[in-house]
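# Structural overview
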Amino acid sequence: MVRLITHNLLACHVKGCNTNNFPLQFKDVQIELREAEFNPDFLKGFMPKLEWKALVDAARQLGDTTLPLEQPEMLDDEFLKNLHHVLLEIHVEEGVMTCSNCKHEYPVSNGIPNMLLAEHEIG
Amino acid sequence: MAPQVQATSIDGEPQVYEEKNVHAIYDEIAPHFSSTRYKPWPIIAAFISSLPIGWIGLDSGTGNGKYLPLPFDRPGAICTIGLDRSRNLLNIAKNAGNTGKIRDVVLGDILGRGWRVAAFDYAISIATIHHLATHERRKTAVKRLIEAVSPNHGRVLIYVWAIEQDALSKRTIPVDGATGTRGQDVVVPWVLSRQDKGSQASTEPQVLNRYYHMFAKGELSGLVQDAASELGLQLGPPLGLGEAPISISRGVEMVQDGWERSNYYVELRCWELP
């Protein structure tokens, strides 16, 4: 399932594609919203590992503008609920993720991103 | 008589051999296979239970995703992302736990690097690396796991099948005379019964042979040593500042190295000098 928590980890791994290969850009996406249990302690523990700008940009590509451009100092409930929604409740079901650098396209089908490469593309 | 485990040898390109003798078979047997793999093993469950809240991890070769819902006593405390080469198994893994919760899964190869470097806090690879057909590829798989986790605090757990089988195991492993510490390549039959194949199937049950490399004693820890050395990591417990030679700044410690229920396993912890 491609939720933004997963998208925030994925990078292009085509042979020789080592710079500007993260984050992948969404295109032609179909999304579904599914409620998930709110766990503020998980979010607080996970936040330091996020690439924040990539998350905010990806959320905006999917039409969610609730997150601030900078990680806030104060983690109030409203912010954590917005973060929860963006990370864990938006599911990309279909679409394409494109590398900004080499333009390789990784398809998302039935909620599963396909990160497989052909033998000659592997670094 | 039930089909037996047989010794085998790899012919041709390893990735082509694996495609035919591992990946294609898992896609074929996915629902039946999944129905026989539901109970988490205790050491793996204990490892996952010990992880701090907010950690994110990779299950490399997740199969039917049976470890994705863990820990059961703290659901949602950590997030494990499942990676596998079998789309049919991933379609099952998406719903692992049958709680109505959708799991994050990715179609990919365990030798790939579709992640930003050190993106994860932990990685597990359970009963997967033994499906790779050469020593070199198995070593690369261990390197990929270490590279996937934080150099500062990353933890890794690996399980592979052992030549030394449990007394309760129904399998006997043919070991040709001169294997030493290099393990044994075998094929293990999977019998798809008529019920599994629906009504159009022939009367004979279909037997599909999956490739395994059965590990010898010391072989898995040897792979870890070689992988650590190739990644420029000190193998052993964390060194203090001043204790380490100038050239050493990062390392990996093997905190467990054991055998359980016909499997060898290792647990690794990464460390980094400040």
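Residues numbered from 1 in each chain as written. Chains lettered and ligands numbered in written order. Predicted model: local features only at pLDDT ≥ 70, side-chain atom pairs only at ≥ 80, totals over all residues. Heavy atoms only, no water.

### So, the interface of chain A and chain B
If you look at the interface, chain A gives 28 residues, while chain B gives 32 residues. A combined buried area of about 2,600 Å² lies between chain A and chain B, and 58% of that area is made up of carbon and sulfur atoms. Across the contact surface, chain A and chain B share 3 salt bridges. For Asp121 of chain B, the salt bridge identified is with Lys49 of chain A, shortest N-O distance 3.1 Å. Of all elements in the fold, only α1 (4-7), α2 (40-46) and β5 (112-113) of chain A reach the threshold of two or more residues within the side of chain A that touches chain B. (Contact = heavy atoms within 4.5 Å. Buried area = accessible area lost by both parts, 1.4 Å probe. Salt bridge = Lys/Arg side-chain N within 4 Å of Asp/Glu carboxyl O. Helix = DSSP H or I, 4+ residues; strand = E, 2+ residues; numbered from the N terminus.)

### Some words on the environment of Asp76 of chain A
Residue and element names in this part refer to chain A. Along the polypeptide, Asp76 turns up in the loop between α3 (52-61) and α4 (77-88). Sequence separation between Asp76 and Pro40 is 36 residues, and the spatial gap between their C-alpha atoms is 9.9 Å. Within the structure, Asp76 has its side chain in polar contact with the backbone nitrogen of Phe79 (distance 2.8 Å). (Polar contact = N/O pair within 3.5 Å; in protein donor to acceptor, adjacent residues only side chain to side chain.)

### So, the sheet that holds strand β7 (residues 184-192) of chain B
Residues and elements named next belong to chain B. Read across the open sheet, the 3 strands follow the order β1-β7-β8; overall the sheet is antiparallel. In this open sheet, the two edge strands, each paired with only one partner strand, are β1 (6-7) and β8 (206-214). Bridge analysis of β7 against β8 gives 9 bridges, and the strand direction is antiparallel. Considered in β8, the bridge of Val191 is made with Val207. (Pairing = 2+ DSSP bridges.)

### Looking at the nonpolar core
Residues Leu83 of chain A together with Trp115, Phe120 and Ile129 of chain B are the most contacted members of the largest nonpolar core, which totals 72 residues. The element best represented in this core is α4 of chain A, accounting for 6 residues. Setting aside chain neighbours within four positions, we find Trp115 of chain B in contact with Leu9, Leu10 and Ala11 of chain A together with Leu58, Ile81, Leu83, Val106 and Phe120 of chain B. In terms of nonpolar packing, the next biggest core, distinct from the first, is built from 22 residues, Ile29, Phe33, Trp190 and Met214 of chain B among them. (Core = buried A, V, L, I, M, F, W, Y, C linked by side-chain atoms within 4.5 Å. Buried < 20%, exposed > 50% of the residue type's maximum accessible area, 1.4 Å probe, protein only.)

### Quick word on unusual backbone geometry
Negative phi values dominate among residues other than glycine, just as trans dominates among peptide bonds. Residue Phe22 of chain A is joined to Pro23 of chain A through a cis peptide bond whose omega torsion reads -10°. Position of Pro23 of chain A relative to the elements: it lies in the loop between α1 and β2 (25-33). Going from Leu70 of chain B to Pro71 of chain B, the amide bond is cis rather than trans, its omega being 0°. Looking at the element boundaries, Pro71 of chain B is found in the loop between β2 (56-60) and β3 (79-84). Backbone geometry at Asp28 of chain A places phi at a positive 50°, although glycine is not the residue there. Tracing the backbone through its elements, the reader meets Asp28 of chain A in strand β2.

### What about the pattern of salt bridges?
All names here are of chain B. Per the stated rule, a full pass over the model turns up 18 salt bridges over all chains. Residue Asp109 pairs with Arg85 through a salt bridge whose shortest N-O separation is 2.6 Å. Of this pair, Asp109 sits in the loop between β4 (105-107) and β5 (122-126) while Arg85 sits in the loop between β3 and α3 (87-93), and the two are 24 residues apart along the sequence. Relative accessible area serves as the criterion here: at 22%, Asp109 is assigned to the partly exposed category. Between Glu267 and Arg269 there is a salt bridge, and its shortest N-O distance comes to 3.9 Å. Since its relative accessible area comes to 5%, Glu267 is described here as buried.

### Details of the confidence of the model for chain B
When pLDDT drops low, the exact placement of atoms in the prediction is not to be read closely. In the predicted model, chain B carries a mean pLDDT of 88, and the fraction of residues at 70 or more is 89%. Model confidence for the complex is summarised by a pTM of 0.93, with the ipTM given as 0.96. (pLDDT = per-residue confidence, 0-100.)

### A closer look at the sheet that holds β3 of chain B
Residue and element names in this part refer to chain B. Read across the open sheet, the 8 strands follow the order β4-β3-β2-β5-β6-β11-β10-β9; overall the sheet is mixed. Across the chains shown, the open sheet's two edge strands, defined by having one partner strand only, are β4 and β9 (234-235). Note: β9 against strand β10 (residues 250-260), 2 bridges, orientation parallel. The residue of β10 that forms the bridge with Leu235 is Val252. Sitting on the sheet, helix α2 (residues 42-49) is in contact with β5, β6 (155-161), β10 and β11 (263-272), with an inclination near 170° to β6. Here helix α4 (residues 135-148) sits on the sheet and contacts β2, β5, β6 and β11; the angle it forms with β6, its principal contact strand, is near 160°. (Axes fitted to C-alpha atoms, helices over the stretch in contact; angles between N-to-C directions.)

### A short note on α4 of chain A
Residues and elements named next belong to chain A. For α4, with 12 residues, the first-to-last C-alpha span of 16 Å sits near the 16 Å given by 1.5 Å per residue. Among the residues making up α4, those that are buried are Phe79, Leu80, Leu83, His84, Val86, Leu87 and Leu88. Where α4 is buried, its residues touch β1 (2-3), α1, α2, α3 and β3 (90-98). (Expected span 1.5 Å × (residues − 1).)

### Observations regarding the side chain of Thr62 of chain B
Residues and elements named next belong to chain B. Looking at the element boundaries, Thr62 is found in the loop between β2 and β3. For Thr62, a relative accessible area of 6% puts it in the buried group. Side chain to side chain, Thr62 and Asp59 meet in a polar contact 2.9 Å long. Those residues in contact with Thr62 that sit more than four places away from it in its chain are Leu68, Gly82, Leu83, Asp84, Leu90 and Ala93.

### Some details on the packing of α3 of chain A against α4 of chain A
Residues and elements named next belong to chain A. One can describe the packing of α3 onto α4 by two numbers: an axis separation of 11 Å at closest approach and a directional angle of 70°. Considering their axes alone, α3 and α4 lie roughly perpendicular with respect to each other. Of α4, the residues touching α3 (which contributes Trp52, Leu55 and Ala59) are Phe79, Leu83, Val86 and Leu87. Class assignment of the residues belonging to the contact of α3 with α4 gives a composition of 7 nonpolar, no polar and no charged. (Parallel < 35°, antiparallel > 145°, perpendicular 65-115°, else oblique. Nonpolar A, V, L, I, M, F, W, Y, C, P; charged D, E, K, R; others polar.)

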